[in-house]
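Examining the three-dimensional arrangement
One-letter residues, chain by chain:
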Amino acid sequence: MEFTVANAAVSSLLESVLAYFFLPQRYLAGSFTWFFFIFFFCNFAILTIYKLVLYPILLSPLRHLPLARGSWPLVGHALILFQRPGGEPHLRMIKETENDGIILTRGFFHSDRLIVTNPAALADVLVHKSYDMEKPPWSRAFLRKFLGDGLLMTEGDEHRHHRKQIMPAFHFRHIKELYPVFWSKSIEFCDAIKAALSEGESKVLEIGHYSTQVTLDIIGLAGLGRDIASLRNSDDELINNYEEILEPTTEKGVYFVLHLIFPHWLIESLPWKLNNRVRITTSNLKRICADFVVQKKANLKHESEESRDILSIMIRSNDFSDSNLVDQLLTFLAAGHETTSSALTWSSYLLSKHPDVQTRLRSEIHEYIPDPRALSNPSMDVASLLESMPYLNGVCNEVLRLYPTIPVSARYTIRDTTITGQFVPKSTVIFVIPWAINRNPKLWGPDAEAFVPERWIDKEMGRATMNGGADSNYSFLTFLHGPRSCIGERFARAEMRSLVAALVGMFRFEMADPNEKIVVGGTVTSKPMNGMRLKMTPVEWSA
Ligand code: HEM
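The structure presented is a predicted model; accordingly, all values stated were derived computationally and were not measured. (Residues numbered from 1 in each chain as written. Predicted model: local features only at pLDDT ≥ 70, side-chain atom pairs only at ≥ 80, totals over all residues. Heavy atoms only, no water.)

With that settled, the discussion passes to the overall build of the chain. Counting its secondary structure elements, the chain contains 20 helices and 12 strands. The C-alpha atoms of the chain give a radius of gyration of 26 Å, which matches the 24 Å a tight globule of 543 residues would have. Considering the chain as a whole, with its 543 residues, one finds that 54% of them fall into the buried category. If you take every contact in the chain between residues at least 6 apart in sequence, the share linking residues at least 24 apart comes to 72%. Entry remark: accessible area of the chain is about 24,900 Å², with carbon and sulfur atoms responsible for 59%. (Helix = DSSP H or I, 4+ residues; strand = E, 2+ residues; numbered from the N terminus. Rg over C-alpha atoms; globule rule 2.2 N^0.38 Å. Buried < 20%, exposed > 50% of the residue type's maximum accessible area, 1.4 Å probe, protein only. Contact = heavy atoms within 4.5 Å. Areas by Shrake-Rupley, 256 points an atom, 1.4 Å probe, with all protein chains shown as cover.)

Moving on to the nonpolar core. Core analysis: the largest hydrophobic core is formed by 152 residues, its most contacted members being W183, F189, I193 and M536. Among the elements that make up this core, the one with the highest residue count is helix α14 (residues 322-353) (13 residues). With near-sequence residues (within four places) excluded, I193 lies in contact with L205, I207, Y210, L503, F507 and M536. (Core = buried A, V, L, I, M, F, W, Y, C linked by side-chain atoms within 4.5 Å.)

Following the criterion strictly, the structure yields zero disulfides and no others. For the unlinked cysteine C289, the closest cysteine sulfur is that of C486, found at 18 Å. For C289, a relative accessible area of 0% puts it in the buried group. (Disulfide = S-S within 2.5 Å.)

Taken residue by residue, a regular strand's side chains alternate between the two faces of the sheet. Taken across its five residues, strand β5 (residues 409-413) has five buried, putting it largely inside the fold. Of the two faces of β5, the one holding S409, R411 and T413 and the one holding A410 and Y412 are both buried throughout. Judged from the two bridges that link them, strand β3 (residues 133-134) and β5 form a sheet pairing that is antiparallel. Considered in β5, the bridge of M133 is made with T413. The sheet contact formed by β5 and strand β8 (residues 429-432) spans four bridges and is antiparallel. Paired with Y412 across the strands is V429, a residue of β8. (Pairing = 2+ DSSP bridges.)

Our focus in this paragraph is the coordination of the iron atom of the ligand. Looking at the protein side alone, the iron atom of the ligand has one donor only, C486 (SG), at 2.3 Å. By the secondary structure assignment, C486 is in the loop between α19 (441-444) and α20 (489-506). (Donors = N, O, S within 2.8 Å, 3.2 Å for Na, K, Ca; no water.)

Moving on: the site of the ligand. Taken together, 28 residues surround the ligand, and among them H159, R163, S409, R411 and C486 come closest. In the model, an oxygen atom of the ligand is placed 2.7 Å from a nitrogen or oxygen of the R163 side chain. Sorting elements by how many residues they give to the shell around the ligand places α14 first, with five residues. When its residues are assigned to classes, the shell around the ligand shows 15 nonpolar, nine polar and four charged. (Near = heavy atom within 4 Å. Polar contact = N/O pair within 3.5 Å; in protein donor to acceptor, adjacent residues only side chain to side chain. Nonpolar A, V, L, I, M, F, W, Y, C, P; charged D, E, K, R; others polar.)

Moving on: the domain arrangement of the chain. Splitting the chain by domain gives domain 1 (1-59) and domain 2 (144-538). The C-alpha-based centres of domain 1 and domain 2 are spaced at 51 Å. (Domains from an automatic or database assignment.)

Now for the sheet that holds strand β9 (residues 507-511). Adjacent strands of a sheet form backbone hydrogen bonds with each other and so pair up, either parallel or antiparallel. With antiparallel pairing, the three strands of this open sheet are ordered in space as β4-β12-β9. The open sheet has two edge strands with one neighbour each: β4 (204-206) and β9. On average, each strand axis in the sheet is tilted by 40° relative to the strand beside it, whichever way the strands run. In this structure, β4 lies alongside strand β12 (residues 533-538), joined through three bridges in antiparallel fashion. (Axes fitted to C-alpha atoms, helices over the stretch in contact; angles between N-to-C directions.)

Before going further, it helps to examine the environment of F509. With respect to the secondary-structure elements, F509 resides in strand β9. Residue F509 is classed as buried on the basis of its relative accessible area, which comes to 4%. On a C-alpha basis, the gap between F509 and R316 in space is 45 Å, while along the polypeptide they are 193 residues apart. Setting aside chain neighbours within four positions, we find F509 in contact with S348, L351, S352, Q358, R362, L503, V504, L534, K535 and M536.

Along the chain, the position of S472 falls in the loop between α19 and α20. At 2.9 Å, the side chain of S472 forms a polar contact with the backbone nitrogen of Y474.

Judged by side-chain polarity, V17, L18, Y20, F21, F22 and L23 come together as a nonpolar surface patch covering roughly 640 Å² of accessible area. Within the fold, L18 resides in helix α1 (residues 5-22). The class for L18 is partly exposed, based on a relative accessible area of 48%. (Patch = residues over 30% accessible without salt bridge, like charges linked within 9 Å, V, L, I, M, F, W, Y side chains within 5 Å. Salt bridge = Lys/Arg side-chain N within 4 Å of Asp/Glu carboxyl O.)

Turning to the sheet that holds β8, a few remarks are in order. Spatial strand order, β1-β2-β8-β5-β3: five strands in an open sheet with mixed pairing. The open sheet has two free edges, formed respectively by β1 (102-106) and β3, since each of these has just one partner strand. For β1 and strand β2 (residues 112-116), the ladder comprises five bridges, and the chain directions are antiparallel. Residue pairing for β2: R106 is matched across the bridge by D112.

This part is about the pattern of salt bridges. When the charged atoms of two side chains with opposite charge come close together, those side chains can pair. The final tally for this structure, using the stated rule, is 31 salt bridges. The closest approach of N and O atoms between R373 and D191, which form a salt bridge, is 3.3 Å. Within this pair, whereas R373 is found in the loop between α15 (355-368) and α16 (382-387), its partner D191 is found in helix α7 (residues 172-199), the two being separated by 182 residues in sequence. Taking relative accessible area as the criterion, R373 reaches 44% and is therefore assigned partly exposed. Note on D191: relative accessible area 31%, which makes it partly exposed. Here E489 and R493 are joined by a salt bridge, their closest N and O atoms 3.0 Å apart.

Taking 1.5 Å of rise per residue, 14 residues should cover 20 Å, and α15 covers 20 Å from first to last C-alpha, within 8% of that figure. Of the residues making up α15, those classed as buried are V357, Q358, L361, R362, E364, I365 and H366. As for α15, its buried residues are in contact with α14, α17 (390-402), α20 and β9. (Expected span 1.5 Å × (residues − 1).)

A separate point is the UniProt feature "binding site: heme" (unreviewed entry) in the chain. The positions that UniProt labels "binding site: heme" (unreviewed entry) are, in the present scheme, C486. Those residues in contact with C486 that lie beyond four places of it in its chain are R163 and F479. (UniProt positions renumbered as here; feature names shortened; annotations may be inferred.)

This is the structure we're talking about:
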């Protein structure tokens, strides 16, 4: 029997019953409850000593692993969950703890939590032993509110099967066909910015808002085969609900972390306005997606040419129930727009902070693309053109490396397993930290935290490289690797190339307040806490 508070209570009950029968002389009338509390107190004390001292110091099979500095009594290292940017405290631990690929940290009540740090350990967690692990039940329960039971949340055979069904939508040939869509939406995005600039005097815009609109429009077209057109209609219900849910406030950060610590029913029963807002926005999103599914099913009956969007592919596979289609759609709309929107926002930030890089990138863009409108012509091979631009690819990779949209990911062992030969028992939490791995000087060299797009360009050939000079592809974890990696990686990279090329080709930009300290916020994804205000000036697109 596992040592838990609930089990301590059950044991106390049994012990009280036994004492009642075997020590009747000790019982005064009506004192069963009293006995129960005495036993419960003793059991709880034993449990506490076991959890806090005996197990972690003498019994845990992980006790010999190097322990990160800074563990507090009772809470261990768990308070780092509240620190921002997510992943930064883990980077500090990785830098200062001598290790062979695994570092031990402590959670609440000194539970074992591992951080994997080197390519061999990451390969085991993400690829070789991937199905020995799942997303932790508490984070799944929280994310399920927003994403339903879509691909991101399912596990085991169900996940394997669904991923196989959806994969054709992300085949590289299909992504190639989507490039003209990405490009024409990128131009529309720039036109919307130009229109907003011409209206206001200040020439200052919060770029995150436009990034969210364009990426939602793109996933709408590619995921649903339907133009949500939020760039043209800022008042769209879908975008309003997403913006409300995803706005990175401190309150939402606390709300998320509390869900990781306390039972959900407890937080949901608190008189907290946010509970109500979450209920309203999630049910709005579900209703909108349910309408999309009904309309799509009706349209498919009359289509002459086979649509290739994600929803059509899922419907045609006949493998998804109507309610599961709604959940998958919720997942793809959220995972497919929020991530690339934040990557685009971080691109504009790093390029504002590095005007020399911005200027060099603009020259490359103008040289390779003499006429931006010509790329909307269906006969143009936009994919080959954008993929052949070394500096553009270097900038996009470097942004994704330094600001991975999902900075921290966690796994939970569902059976005993091993990582690089180290035995890891069932129910252990394992952290995979893209933020820390992508910035680890041991993997990237002393300039690991600097913005250097050139590291992605082969010095001799002048071509884009795949690994940025790192020895292993596990040094770059932005999309993770293996069966639970981002299914939309190719899609996201193609979309980002188009958006960055159009944005930098059309505008010169800088931080509206050069002294503003940008705070990285967000719950699951990383976004600037107070938005990203840029001063933008249209430039002439000249070859
Ligand atoms: C810069 C953009 C993106 C980044 C950095 C990113 C990152 C990630 C990461 C790290 C995961 C794994 C999460 C975990 O297991 O903890 C993931 C999963 C996923 N992503 Fe992305 N993503 C991006 C764009 C997209 C796009 C554009 C789509 C869809 C069109 C997408 C759809 C998904 C889905 C469905 C999963 C779940 C895959 C599975 O569990 O099999 N992502 N993404």
